[in-house]
Amino acid sequence: MFKKKTLIITCLMALLVAMFASSAFAFTVPQNTDILYPVYDILVNKLIANGLNYIVGFIGMIVAAYMLMQQKIIPGLFVIIGGIIFLSAGTITTAFGLLY
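Just so we're clear, the structure is a prediction, and the values are computed from it rather than from any experiment.

Trainee: Please clarify how the pattern of salt bridges should be interpreted in this entry.
Mentor: Note that side chains of opposite charge can pair when their charged atoms are close. In this structure the tally under the stated criterion is one salt bridge. Its salt-bridge partner being Asp 41, residue Lys 46 comes within 3.7 Å of it at the nearest N-O pair.

Set out below in structure tokens:
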């Protein structure tokens, strides 16, 4: 009974916090004069905006399939996760607010 009551209170508190959240904190594109703008320019504009991430993600999926065929399950799963991250890098940067 105590665990159920604690779970209900926790869910209600999470719902209350979510209802009163005022804004989302997204990253913004740095200005040309900022110190980290060259890093942003290289990572987002030059690497993600071109199609290189799709090629790397596809090669990662092929390597993961090869590793899974060799019964290397754990490294294969990590390579699958990395390939998925590379394939969806544009969506991830947009979700963080970094428009390219």
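Trainee: How should unusual backbone geometry be read in this particular structure?
Mentor: Trans peptide bonds make up the majority, and among non-glycine residues the majority have a negative phi. A positive phi is found at Gln 71, a non-glycine position, where the angle reads about 65 degrees. Looking at where Gln 71 falls in the secondary structure, it is placed in the loop between α3 (52–69) and α4 (73–87). Overall, the relative accessible area of 62% leaves Gln 71 in the exposed class.

Trainee: Before we go on, may I ask you to explain the packing of aromatic side chains in this structure?
Mentor: The description of two aromatic rings rests on the distance between their centres and on the angle between their planes. All told, the structure shown has one aromatic pair when counted by the stated rule. When the ring of Tyr 37 is compared with that of Tyr 40, the centres are 6.1 Å apart and the planes differ by 40 degrees; the resulting orientation is tilted. Of this pair, Tyr 37 and Tyr 40 both sit in helix α2 (residues 37–48), separated by three residues, roughly a single helical turn.

Analysis parameters
- Residues numbered from 1 in each chain as written.
- Predicted model: local features only at pLDDT ≥ 70, side-chain atom pairs only at ≥ 80, totals over all residues.
- Heavy atoms only, no water.
- Salt bridge = Lys/Arg side-chain N within 4 Å of Asp/Glu carboxyl O.
- Helix = DSSP H or I, 4+ residues; strand = E, 2+ residues; numbered from the N terminus.
- Buried < 20%, exposed > 50% of the residue type's maximum accessible area, 1.4 Å probe, protein only.
- Phe/Tyr/Trp six-rings, centres within 6.5 Å; stacked < 30°, edge-to-face > 60°.

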